[in-house]
Amino acid sequence: MPLHDFSAQRRRVLKALGGFACLSASGCVHPIAEESDPRGQPRSGDLEVRLFLGGYGIDFYESAAREYEQAHPGVKIDIKGDPRIWDQLRPRFVSGEPPGLAFPGWGMDHYALIYERQALPLDDALLTTPYGKTRCTWRETFLPEVMKMGEYEGQTYLLPHYLTLNGWWCNVNLFREKGWKPPQSWNEFKALAAQIKSAGIAPLTHQGKYPYYAFQGFLLPWAISIGGIEAYRKAEALEPGAWKAAPFLESARMIDEIRKAGWFQNGANGMSHTEAQMEFLQGKAAMIPCGTWLESEMKKQLPAGFKMEFFLPPRVDGGKGDPSIVQVGVEPWLVPSLGKNPALAIDFFKYITSEAKARQFVREKGTLTAIRSGNEGDLPDTLQAPARALREAKATWSTRYAQWYKPFEDASGKAMAELLQGSVTPEKFVEKLEAEASRVREDPNIPKHKVQ
Amino acid sequence: MHRRLSTWSYVPLCGYALIVLFPLVWLTYTSLKSTPEIFLGPWALPRAPHWENFVHAWQGSSGEPGLGPYFLNSVVITGVSVVLILMVGAAATYSLTHYRFRGSELILNLFTSGMAFPIFLAAVPLFLLLNQTRIPGLAPKGFTNHPVGLVAVYVAYSLPFTVFVLSGFFRALPRELGEAARVDGAGHFAVFHRVMMPLARPGLIVAGVFNVIGIWNEYPLALVLLSDRERFTLPLGLAQITQRQQYSVDFGSLFAALLIVLLPAFAVYLAFQRQLRQGLTAGALKG
Amino acid sequence: MTRRRDWNAVGFAALLLTPGLLLYGLLVLWPMEQAFWVALHRWRGLSGRMTFVGLENFVAMAGDEKLRVALGHNLQFFLLSLCLVLPAAIWFANTLSGEIRGGEFFRALYLFPNVVSIVAVSTLWMFIYNPNWGLLNASLKAVGLGGAVTTWLADPRTVLPAVCVSYAWYALGFYILLFRGGIQGISTEILEAAAVDGATGSQVFARVVLPLLADFVRLSVIYLFINALNVFSLVWIMAPPSGTAGATEVSLTFLFQKGFIEQQFGYATAIGGVTFLLVLGLTSGVNRLWKVG
């Protein structure tokens, strides 16, 4: 199979981008480039866009494409989506004929695409002005923390669109009826869990069939609360000893304590996300860890009058971590470096991420967005609490390591399943995490990411 | 055969019937329930039938595609593929089992061990091959998203199973019959066509029915080779609905969709099972 | 009698074989051969960039403990499905070949599960095994076996047998059909002769029918083995290995993890290639043994 001439491709792209190519190369910092006025930069040609067809559909992007076509005569945008788009994109990447713009979905290994130089670095484009604004760069319109998720070796390859927050949810009506309050701290949680259990309801359920929910909902938030974000950054960086350090061991012990006390719903270990979430909606379990997609995912199944509320996982009293910190997640977009018409792809995505379109997306789809000003204004009820948490957060974190180091994600998930079943002790559990982390650390074939 | 069964034999028979039937009956009535109903009382009968499940499964709901448009594609692809598979498969198997030549056993094993090769490893090279084979007029853009490409792939990938099943039946055919016919002056083709093929009918029906079911439900190859919605087959449509469960749970429609895909295959089976049985009992095989 | 090579026969045999061999060679063997080539490389499967590494992947396989465990699970799955399917298939095939009341009904019935797609089978059995309201636990409680109630698809001790039972439910009909074909092929004279000699039904079955089914038993064993090595969707949907602490890791889930999740396509392909050769060797071996026996 042929090696594609990447550098020529890249040159062509940079040329298409106009005069901004020199900026990062020469090191000159010039935040405000020319306005991306369509009249100044005529766009034309065909653009093929391939999208992951998930919970939010692709209708929003389709109508955005029609608007864009109207504003730019001569542009033709072909949009298609599929729930397993990554399987269709793989051979196209291999044959060097990828689409112009891609939202490859959770089944795609985005970082591997970067290692294979299949994604275009977007740093120069991010210095241009966004749609509808003149006084800032496109980059500045995104949440800065989220932009870090798309970086590799100092360049930005992946762009976010919608944003999810991970936390816990409680059954509002049940809590109101019983006079319970969402637990702010571990001690509050323990007291409340005992109460809930004696009321004949499972305090907590979880999506045991997919153990990463337990990482996002229990282990990592508590480890961060105990040891501060530094403890987590060390773990992300695979520093020796980081995964078995005290905060992680403490946190694993807390999970074990919940299991021993019988506060997890019976059988939750074998439940898919759907099964566990249905138990929560049916009031058989009072709380569940999940992302902000929960309501949209289950919207057809909400019992009449059911209300749920988002809250941050209970913090650990006396811990070093900032209590306002929130966990975010995105599903990134990218511009394939071998795709046709990359300049048009970038401009179309810039249009989608404009403030007006972002707000429209939030309103229509009921999700938060990675575009800063998109989360202001009218929000659906269930998003009020997450949006507030996001506004008040002094820092954010994400499970980037799981995307970077897939073998670690797999092995650590299996270890988590054992911990949740009670077949390993918390001590043995963190030993296993550490062993897997060092295996990845010592594997020269796995590219490593710097943690800032 | 004249053998009477003891009453005790009916215990496992009826037990098996129950085990086979109950899940299917359950699937059927569950497709008429709402999702909360399914989860609250998964084994209870529907309180009132939710026919809209079928409407959603067929037409799609809230802007998401349903199964309807893919039905005809599936019928055509499955029908054409199975006819070709039986022709190509029977010819190859007969050649390998009745004309012994050096390497015939090896080729037979090569065919059947194809069943063990994980299809998804061949997916990328297969896609590239079909995508780059371009024939002006027939397939100017290559054989991906092309019915001919998909049918050819289905025929090729069904050969291992077909040869496997047919080899058992062809081996059991008495070679003497063929030789006798040859002595009577019949040519090779006449022996194959007029003597052997009719005798192998039970095998052809077995292979045919299973290939219909297999191709009707085939997913991984269709996924890689088809990306135009107009060309989609039912399993791709079904997968869209199942995948959607991860973002928007609607089990009622999922079960309805499962049933919609199941019923035609079921009908084919019911239509052929009589012939299948007749095939098993008819002909020279009985001795 | 010396035989001259019959060129007519050779030509005809070649003619019959050509279309099948051509299609198979082009669309199955060629991509497969490409895959074997990939096994000699380090390749992420996301671009045309491949690094030749010789036998590195095969060497790594030899020392891969996780792969060994996964293949062990395949073997367990094979033995379990053999025990579940083979005796039952022969018994049902034999019983249904007799003259029985309601035979039409029972004979129409047994292939039903085979018509159902694997997605539907998996979904169905997930409902049966659900720990809280699943049919199995409910039935156990109803007959006073509440102590046996467990989280079938999460408990590492029960999950593999549980998945195997759902597979047996799905697959049994095919094997009944296979054996019925075999039994129908036994000439009635032989059976009648045996009956005249005063043999009882079970004696006829054991001494006459069973030995004549040997060829079909061979086919079944091979086919069950191949299917046990190929089990994937059922496991992936009902009990993905990460949620069972690896108790359901089989060779294809492992291959999928390596190739499609960890982007080690070279390694994944090496696993697929070795599995293929294993089956090829085993099929030939079993066929040869059977002939000698």
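Just so it is clear, the structure is predicted and the values come from calculations on it, not from any experiment. (Residues numbered from 1 in each chain as written. Chains lettered and ligands numbered in written order. Predicted model: local features only at pLDDT ≥ 70, side-chain atom pairs only at ≥ 80, totals over all residues. Heavy atoms only, no water.)

Engineer: Would you mind going over the overall build of chain C with me for this structure?
Structural biologist: Looking only at helices and strands, chain C features 14 helices and two strands. Taken over 293 residues, chain C has a buried fraction of 59%. Partitioning the intrachain contacts of chain C with sequence separation of at least 6 by distance along the chain shows that 67% fall at a separation of at least 24. (Helix = DSSP H or I, 4+ residues; strand = E, 2+ residues; numbered from the N terminus. Buried < 20%, exposed > 50% of the residue type's maximum accessible area, 1.4 Å probe, protein only. Contact = heavy atoms within 4.5 Å.)

Engineer: When you look at the overall build of chain B in this model, what are you seeing that I'm missing?
Structural biologist: Along its length, chain B carries 13 helices and zero strands. Each helix (α) and strand (β) of chain B, taken in turn from the N terminus, gives the series α-α-α-α-α-α-α-α-α-α-α-α-α. When the backbone C-alpha atoms are referred to their principal axes, chain B occupies close to 70 × 65 × 30 Å. Sorting the 287 residues of chain B into buried and exposed places 61% on the buried side. For chain B, long-range pairs separated by at least 24 residues make up 66% of all intrachain contacts whose partners lie at least 6 apart in sequence. Carbon and sulfur atoms form 67% of the exposed surface of chain B, whose accessible area is close to 11500 Å². Across chain B, the centroid of the 19 positively charged side chains sits 9 Å from that of the 11 negatively charged ones. (Areas by Shrake-Rupley, 256 points an atom, 1.4 Å probe, with all protein chains shown as cover. Lys, Arg positive; Asp, Glu negative; His and termini not counted. Charge placed at Lys NZ, Arg CZ, Asp CG, Glu CD.)

Engineer: I keep staring at the packing of helix H1 (residues 10-30) of chain B against helix H8 (residues 159-185) of chain C and nothing clicks. Help me out?
Structural biologist: Helices that pack against each other are described as a pair by the angle of their axes relative to one another and the distance between those axes. The geometry of H1(B) relative to H8(C) is characterised by a closest axis approach of 11 Å and an angle of 125° between their N-to-C directions. With respect to each other, H1(B) and H8(C) are oriented oblique. Of the two elements, H1(B) crosses H8(C), and the hand of that crossing is left-handed. Two secondary-structure elements touch here, H1(B) through Tyr16(B), Ile19(B), Val20(B) and Pro23(B) and H8(C) through Trp169(C), Leu172(C), Gly173(C) and Ile176(C). Grouping the constituent residues of the contact of H1(B) with H8(C) by class yields seven nonpolar, one polar and no charged. (Axes fitted to C-alpha atoms, helices over the stretch in contact; angles between N-to-C directions. Parallel < 35°, antiparallel > 145°, perpendicular 65-115°, else oblique. Left-handed = near helix turned anticlockwise from the far one by under 90°. Nonpolar A, V, L, I, M, F, W, Y, C, P; charged D, E, K, R; others polar.)

Engineer: Got a minute to help me understand the pattern of salt bridges in this structure?
Structural biologist: In a structure, side chains of opposite charge can pair up when their charged atoms sit close to one another. Evaluated as defined, the whole model comprises 33 salt bridges over all chains. Residues Arg400(A) and Glu236(A) are paired through a salt bridge, measuring 3.1 Å at the closest nitrogen-oxygen approach. Here Arg400(A) is found in helix H16 (residues 400-404), whereas its partner Glu236(A) is found in helix H9 (residues 212-236), with 164 residues between them in sequence. Neither residue differs from the other here; Arg400(A) and Glu236(A) are each classed as buried. With a closest N to O distance of 2.7 Å, Glu418(A) and Lys432(A) form a salt bridge. Taken together, the residues Glu418(A) in helix H17 (residues 406-421) and Lys432(A) in helix H18 (residues 426-442) connect sequence positions 14 residues apart. Within this structure, Glu48(A), Arg50(A), Asp78(A), Lys80(A), Arg92(A) and Asp228(B) form a network of salt bridges that share partners. (Salt bridge = Lys/Arg side-chain N within 4 Å of Asp/Glu carboxyl O.)

Engineer: Explanation requested: the interface of chain B and chain A in the structure shown.
Structural biologist: By a widely used convention, the size of an interface equals the accessible area lost when the partners come together. Residue-level contacts link 28 residues of chain B with 30 residues of chain A. At the boundary of chain B with chain A, total buried surface from both sides reaches about 2600 Å², with 59% on carbon and sulfur atoms. At the surface where chain B touches chain A, the tally comes to one salt bridge. For Asp228(B), the salt bridge identified is with Lys80(A), shortest N-O distance 3.8 Å. The interface formed by chain B and chain A contains two residue pairs in polar contact (both at pLDDT 80 or more). Within the residue set of the side of chain B that touches chain A, elements represented by two or more residues are helix H2 (35-40), helix H6 (119-132), helix H11 (220-225) and helix H12 (234-244) of chain B. The dominant element in the side of chain B that touches chain A, judged by the number of residues it contributes, is H6(B), at five residues. Residue composition of the side of chain B that touches chain A, by class: 14 nonpolar, 10 polar and four charged. (Buried area = accessible area lost by both parts, 1.4 Å probe. Polar contact = N/O pair within 3.5 Å; in protein donor to acceptor, adjacent residues only side chain to side chain.)

Engineer: Which parts of the structure should I look at to understand the packing of aromatic side chains?
Structural biologist: Counted according to the given criterion, the structure contains 84 aromatic pairs over all chains. Relative to Tyr162(A), the ring of Tyr56(A) has its centre 4.8 Å away and its plane inclined at 80°; by these criteria the two rings are edge-to-face. One end of the pair, Tyr56(A), is in the loop between strand S1 (45-52) and helix H3 (59-71); the other, Tyr162(A), is in strand S6 (residues 162-171), and 106 residues separate them in sequence. With 6.1 Å between their ring centres and 40° between their planes, Trp37(C) and Phe52(C) make a pair best called tilted. Residue Trp37(C) is located in helix H1 (residues 7-38), and its partner Phe52(C) is located in strand S2 (residues 51-52); the two are separated by 15 residues in the primary sequence. Judged by relative accessible area, Trp37(C) falls into the partly exposed class, the value being 44%. (Phe/Tyr/Trp six-rings, centres within 6.5 Å; stacked < 30°, edge-to-face > 60°.)

Engineer: I tried to follow the nonpolar core on my own but got confused; where do I start?
Structural biologist: Membership of the largest hydrophobic core comes to 349 residues, with the highest contact counts inside it found for Tyr61(A), Leu219(A), Trp243(A), Met287(A), Phe348(A) and Phe429(A). When residues of this core are assigned to their parent elements, the largest contribution, 18 residues, is made by H8(C). Setting aside residues no more than four positions away along its own chain, Phe429(A) makes contact with Phe215(A), Leu219(A), Ala252(A), Ala415(A), Met416(A), Leu419(A) and Val424(A). (Core = buried A, V, L, I, M, F, W, Y, C linked by side-chain atoms within 4.5 Å.)

Engineer: How should I be thinking about the environment of Ile261(C) in this particular structure?
Structural biologist: Following the sequence through the fold, Ile261(C) ends up in helix H13 (residues 251-261). By relative accessible area, Ile261(C) is classed as partly exposed at 21%. C-alpha separation for the pair Ile261(C) and Arg44(C), spaced 217 residues apart in sequence, amounts to 9.9 Å. Here Ile261(C) is in contact with Asp109(A), Lys406(A), Trp236(C) and Phe256(C), once residues within four sequence places are set aside.

Engineer: So what exactly am I meant to see when it comes to H1(C) here?
Structural biologist: An α-helix turns once per 3.6 residues; consequently, residues spaced three or four apart project the same way. In this model, H1(C) (32 residues) spans only 41 Å end to end at C-alpha, well below the 46 Å of a helix rising 1.5 Å per residue. At Gly25(C), H1(C) shows its maximal bend, which comes to roughly 40°. (Expected span 1.5 Å × (residues − 1). Bend = angle between axes of the 7 residues up to and from the residue.)

Engineer: Help me understand the interface of chain C and chain B, please; the structure alone is not making it clear to me.
Structural biologist: In this complex, chain C contributes 91 residues to the contact, which on the side of chain B involves 91 residues. Surface buried jointly by chain C and chain B totals about 8400 Å² across both partners, of which 77% is contributed by carbon and sulfur atoms. The tally of links from chain C across to chain B stands at zero salt bridges. For the interface between chain C and chain B, the tally reads eight residue pairs in polar contact (both at pLDDT 80 or more). Here the side of chain C that touches chain B is composed, by residue class, of 59 nonpolar, 23 polar and nine charged.

Engineer: Looking at this structure, how should I read the confidence of the model for chain C?
Structural biologist: Low pLDDT means the predicted coordinates in that region are not meant to be read closely. Residues and elements named next belong to chain C. The predicted model of chain C has a mean per-residue pLDDT of 86, with 97% of residues at 70 or higher. At the low end of the mean pLDDT range in chain C sits helix H9 (residues 188-196), at 76; at the high end sits S2, at 94. Confidence estimates for the predicted assembly give a pTM of 0.84 and an ipTM of 0.84. (pLDDT = per-residue confidence, 0-100.)

Engineer: Sorry, what's going on with the environment of Arg139(A) here?
Structural biologist: Residues and elements named next belong to chain A. As for its placement among the helices and strands, arginine 139 is situated in the loop between helix H5 (110-115) and helix H6 (144-148). In the structure, arginine 139 is positioned 121 residues away from lysine 260 in sequence and 48 Å away in space, judged by C-alpha atoms. Not counting the four nearest positions on each side in its chain, arginine 139 is found in contact with Asp123, Leu126, Met147, Glu151 and Thr156.

Engineer: Can you help me understand the environment of Leu280(C) in this one?
Structural biologist: Residues and elements named next belong to chain C. You can see leucine 280 is positioned in helix H14 (residues 265-292). Accessibility expressed as a relative area gives 17% for leucine 280, which makes it buried. For the pair leucine 280 and isoleucine 226, spaced 54 residues apart in the sequence, the C-alpha separation amounts to 9.9 Å.

Engineer: Where do I start with the sheet that holds strand S3 (residues 101-103) of chain A in this structure?
Structural biologist: The strands that make up a sheet are held in pairs by hydrogen bonds between backbone atoms, and each pair lies either parallel or antiparallel. Residue and element names in this part refer to chain A. In space, the three strands of this open sheet follow the order S2-S1-S3, with parallel pairing throughout. Only two strands of the sheet have a single partner each, and these edge strands are strand S2 (75-82) and S3. Here the average twist between neighbouring strands, direction ignored, is 15°. Looking at chain direction, S1 and S2 are connected through eight bridges and run parallel. Note that in S2 the partner of valine 49 across the bridge is isoleucine 79. (Pairing = 2+ DSSP bridges.)

Engineer: Is there a simple way to think about the state of the cysteines in this case?
Structural biologist: Such a bond, covalent and formed between the sulfur atoms of two cysteines, is termed a disulfide. Residues and elements named next belong to chain A. Applying the stated rule across the entire model yields zero disulfides over all chains. For the unlinked cysteine cysteine 290, the closest cysteine sulfur is that of cysteine 170, found at 14 Å. Given the relative accessible area of 2%, cysteine 290 is considered buried. (Disulfide = S-S within 2.5 Å.)

Engineer: It is not clear to me how helix H10 (residues 246-261) of chain A should be interpreted in this structure. Could you clarify?
Structural biologist: Taking 1.5 Å per residue, 16 residues should reach 22 Å; H10(A) reaches 22 Å between its end C-alpha atoms and fits that length. In the core, the buried residues of H10(A) are packed alongside helix H8 (186-198), strand S7 (202-204), H9, H17 and H18 of chain A.

Engineer: Which parts of the structure should I look at to understand the confidence of the model for chain B?
Structural biologist: Residues and elements named next belong to chain B. Taken as a whole, chain B shows an average pLDDT of 82; of its residues, 91% reach a score of 70 or greater. When mean pLDDT is compared element by element in chain B, helix H4 (residues 71-98) scores highest at 94, while H12 scores lowest at 77. Here residues 282-287 is a poorly scored stretch, pLDDT under 50, and it has 12 contacts once near neighbours within four places are set aside; other chains count.

Engineer: Which parts of the structure should I look at to understand the packing of helix H6 (residues 118-129) of chain C against H8(C)?
Structural biologist: All names here are of chain C. Their axes nearest at 10 Å, the elements H6 and H8 cross at an angle of 130°. Comparing the axis directions of H6 and H8 gives the class oblique. Note that H6 runs across H8; the crossing there is right-handed. Residues Ile118, Val121, Leu124, Trp125 and Tyr129 of H6 lie in contact with H8, whose contacting residues are Ala162, Val165, Ser166, Trp169 and Tyr170. A per-class count over the contact of H6 with H8 returns nine nonpolar, one polar and no charged.

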